[in-house]
Amino acid sequence: MIGEDQIYAFIDLRTIVLKPEDELMSHMNLSIGEVERFSENENGLFGSAGESKFEVSVYSESIVRVRLTRNQEFSGNPYSVILEPDSDQHVVAINGESAVVKTEKLTCEVQNSPFRVTFKNAEGDLLNEDEPAFGTSWIGTSVTTYKTLHKDEIFLGLGEKVGGINRRGQSFTNWNTDKFGYSTDADPLYLSTPFYIGILEGRPYGIFFDNTHKTHFNFGTSNNERFTSFGADDGDMDYYFIHGDNVAEVIENYSELTGKMELPPLWSLGFQQCRYSYYPDSEVRTVAKTFRDKKIPADVIYLDIHYMDEYKAFTFDNERFPEPAKLIEELEDQGFKVVVILDPGLKTEDGYGPYERGLKEDIFIKYPDDSNFEASVWPGNSHFPDFTAEAGREFWKRELKYYTDLGIKGFWNDMNEPACWGQSIPDLVEFDYDGKKTTHREARNVYGMNMVRSTLEGAKEQIGNERPFTLTRAGFSGIQRYAAVWTGDNVDSTEHMMLGVRLVNSLGLTGVPFSGYDVGGFAGDGSTSLFAKWIGIGAFAPFFRAHSMVNSRDSEPWAFGEEVEEISRNYINLRYKLLPYLYSVFYEASQTGMPVNRSLAIEYYRDKNIYKNEFENQFTCGPAILVAPTETQQKYSKVYLPEGNWFDFFTDEKEPGQRAVIVETELEDLPVYIKAGSIIPMQSVIQSTVEQPDSTLNIHIYHTYGQNSFQYYEDDGKSYDYQQGAFFKKDITLDGSAMSLILDAAKGNFESKFNKAKIYFHGFQKNLELRVNGQSAITSLEDFRSIDPITEFDPKPDRAKKTLTIESIPIIEVDWDSNKTSITW
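Owing to the predicted nature of the structure, the values given are computational and were not obtained by experimental measurement. (Residues numbered from 1 in each chain as written. Predicted model: local features only at pLDDT ≥ 70, side-chain atom pairs only at ≥ 80, totals over all residues. Heavy atoms only, no water.)

A.B. asks: So what exactly am I meant to see when it comes to the overall build of the chain here?
C.D. replies: What the chain contains, in helices and strands, is 13 helices and 53 strands. Taken over C-alpha atoms, the radius of gyration comes to 28 Å for the chain, in line with the 28 Å a tight globule of 825 residues would show. Taken along the three principal axes of its C-alpha coordinates, the chain extends 100 × 70 × 50 Å. When the 825 residues of the chain are sorted by exposure, 62% land in the buried category. Surface exposure of the chain reaches about 30,500 Å², of which carbon and sulfur atoms provide 45%. Each charge class in the chain can be summarised by its mean position, and for the 80 positive and 128 negative side chains these summaries are 3 Å apart. (Helix = DSSP H or I, 4+ residues; strand = E, 2+ residues; numbered from the N terminus. Rg over C-alpha atoms; globule rule 2.2 N^0.38 Å. Buried < 20%, exposed > 50% of the residue type's maximum accessible area, 1.4 Å probe, protein only. Areas by Shrake-Rupley, 256 points an atom, 1.4 Å probe, with all protein chains shown as cover. Lys, Arg positive; Asp, Glu negative; His and termini not counted. Charge placed at Lys NZ, Arg CZ, Asp CG, Glu CD.)

A.B. asks: Help me understand the sheet that holds strand S44 (residues 696–702) in this model?
C.D. replies: In a beta sheet, neighbouring strands are held together by backbone hydrogen bonds and run either parallel or antiparallel to one another. A sheet is described by the order of its strands in space; here five strands give the open sequence S43-S44-S48-S52-S51, paired in mixed fashion. Here the strands that pair on one side only, and so sit at the sheet edges, are strand S43 (679–682) and strand S51 (780–784). The mean inter-strand angle of the sheet, taken between neighbouring strand axes irrespective of direction, is 35 degrees. One ladder, built from five bridges, connects strand S48 (residues 756–762) with strand S52 (residues 806–815); its direction is antiparallel. Opposite Lys 756, over in S52, you have Asp 815 as the bridge partner. Where helix H12 (residues 579–592) meets the sheet, its contacts fall on S43 and S44, and the angle it forms with S43 comes to roughly 120 degrees. (Pairing = 2+ DSSP bridges. Axes fitted to C-alpha atoms, helices over the stretch in contact; angles between N-to-C directions. Contact = heavy atoms within 4.5 Å.)

A.B. asks: Mind showing me how you'd approach the nonpolar core here?
C.D. replies: Proteins that are soluble and globular tend to have nonpolar side chains buried together. Counting residues in each nonpolar core, the largest one holds 174 residues, and the members touching the most others are Tyr 403, Phe 540, Ile 625, Ile 759 and Trp 816. Once residues within four sequence positions are removed from consideration, Phe 540 is found in contact with Leu 574, Arg 575, Leu 578, Asn 597, Phe 619, Cys 621, Ile 625, Val 627, Leu 670 and Val 672. (Core = buried A, V, L, I, M, F, W, Y, C linked by side-chain atoms within 4.5 Å.)

A.B. asks: Honestly, the pairing of strand S21 (residues 237–243) in this entry has me stumped. Any pointers?
C.D. replies: In terms of residue burial, S21 counts as a mostly covered element, since seven of its seven residues are buried. Direction of pairing for strand S7 (residues 63–69) relative to S21: antiparallel, over a ladder of six bridges. Following the sheet pairing, Ile 63 is matched in S21 by Ile 242. In this sheet, S21 lies alongside strand S18 (residues 203–209) in antiparallel orientation, the contact comprising five bridges. Paired with Phe 209 across the bridge in S21 is Tyr 239.

A.B. asks: Where do I start with the packing of aromatic side chains in this structure?
C.D. replies: The description of an aromatic ring pair uses the distance of the two centres, along with the angle that the planes make with each other. What the rule picks out here adds up to 68 aromatic pairs. Measuring from ring centre to ring centre gives 5.5 Å for Phe 647 and Tyr 702, while their planes differ by 55 degrees; the resulting arrangement is tilted. In this pair, Phe 647 sits in strand S39 (residues 645–648) while Tyr 702 sits in strand S44, placing the two residues 55 residues apart along the sequence. Considered together, Phe 647 and Tyr 702 belong to a single accessibility category, that of buried residues. Taking 5.4 Å as the distance between ring centres and 90 degrees as the angle between the ring planes, the aromatic pair formed by Phe 764 and Trp 825 counts as edge-to-face. Within this pair, whereas Phe 764 is found in the loop between S48 and strand S49 (771–772), its partner Trp 825 is found in the segment after strand S53 (821–824), the two being separated by 61 residues in sequence. Clustering of aromatic rings is evident, with ring pairs tying together Tyr 307, Phe 314, Phe 316, Phe 321, Phe 387, Trp 396, Tyr 402, Tyr 403, Phe 411, Phe 431 and Tyr 447. The cationic tip of Lys 312 hangs over the ring face of Tyr 352; the distance from NZ or CZ to the ring centre is 5.4 Å. (Phe/Tyr/Trp six-rings, centres within 6.5 Å; stacked < 30°, edge-to-face > 60°. Lys NZ or Arg CZ within 6 Å of the ring centre and 35° of its normal.)

Below, the structure written as structure tokens:
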């Protein structure tokens, strides 16, 4: 007979299990109830509501943290946030019905019956509010916060997520996952950044959900757009609400919270060539020689897993690579850096040094019975260092000396989700989590970030005053402090080419400025037309690498025939011409968190056209260059130009904005436009960043009646001396109404590699009369070609008319030094 305490049934997917009433209740939706008390502390306020504790803390005038727990103490993520609470930025007011925490930018109101949170800006306009019926709720260990979904509210970000630029009507999961050849609707992927930007009636805000368990975001899907929600399988409800007057400010404030990227070495901005795999060493030498013989610029060659002895990290195969140090030195002499792949799994093999040292130092992740977790990956059965433990990170840093002693300065961190065959690490596997001791459920999403953190810190310690380069597949919020990100094992298809653009743009929206994709597609045999299109788009990506998998077609620029080779050379040449502009944009990213590739939703978020499917792949490279990726077979494409005036980069044809234009897109064509008022520094073509360009910096300015400025930045591109002032920084300001261009006095104590500046006046009258520092100056006319045309391979005779030469641009040459220069007309 069924007892009275068993009258409730809990149903799961497999069976019916009878539960007593109190146990069943733990699986019901328990929304946080009435506030029992409000109390003020130095950072905001705290209190209790039913079985829950809450805390509202101010981190800056634009950032407020909300925490709720059903445990005795709050428990958080020690890896993502670097900002500390600020006790001087707020006031607290408590009355009978609510409590208010207010800064100069933001008001957080906590209603007491029941506990609900509302955020408003300084003007009192609503930004975000809890859904009245649900608020924050627990079901078992899972916790979710529900927010009211308003009409036409827009949602951006979440990083490496598929789908459209506007996340409304979609749902996502964050759980770092090895996803070979992923489909264009796959979720989750390799990296988790649980931060999104909302836009309510033109007012942006951000929410960073700081919980490293598996998390879930719903932007109105399957609930008739009643609410949005974010929740986790376990842990506290812990989120930061971030205000910004515009989308860019939200990104910058999020970057203040989670950190900014370090300025990378200049060589990592060059073209990078990879294959799974180049071996033996003679093939690596051949690839390097071919780049130089064919005059195709490149800076990096990758060594994938076949360089290793039986895929074991911290080894070289003695037959395939008998003298790795000599090889690396030879490549260095030719202007190439070598980047090696690193996987976390260490083969459980007697006599294998890293494994034996790991056992001795007891640094591997474990089962609850204290035995080391073991799974199979590339080298076979392996143990995995616990990178959430200081001892595990210190072990990895010491082992890295194997590579740095060989002269290697680039490290590609792969399989660090962590991945293993079968893709199913038991949840009970334990991690240190920096003294907290937790399970795989909480540690997985931060494993890859802590691996590449260890790699970067070890390389910096061992290399000394030279910037290393680190690349990662997996990560979590804050990953930008440690590595560039690439979007994993993509596929050779037009759909993946476009998806890669959106992934990089979305990563930029979540504070990751340095990211990219495998040009040409990793999986598949590649196609001529696809590679031709992809190499052009990739030339404007932060991370610019071609890659292909084993037993597939080569992915070098010359592997697709003479025409594609010429197209590739042209776009790679353009990449190297743009390095002064790109390096300055990277410097801005290191200072503010602003991405290199910028979704149009950053500057033009109020423009509804940018969210349309036909335009959502467009982006700007830095503040000035609008790129409109086009599909492989499109002969004509529609490009949307936002507000303002725009100049075709290749022809100087001027177009008014806030409208779409139809452009020709043959095999070699990529629509690129320059915003009026832009300032773009360029240099001569070089074959690698080791080579010095000629001594003249070419500065291209584009006519406007308004004002704009650009900060030019330069240093030695390799050391950390810039942190002690060894840089050359000059503000360049164009004022169309005052008809002036000011090259401000330089800051820093570094001598520029350029001594002259040739200034090109695009869109100005040809008989422009210029004065330099008040004195009449000699003006001349010069033709300019940003990229070479492709004519000799095309069967159509009319194609030869596409010269791509902009004729008779007014120019002037001035000294490029530390002094201020004023140019008027």
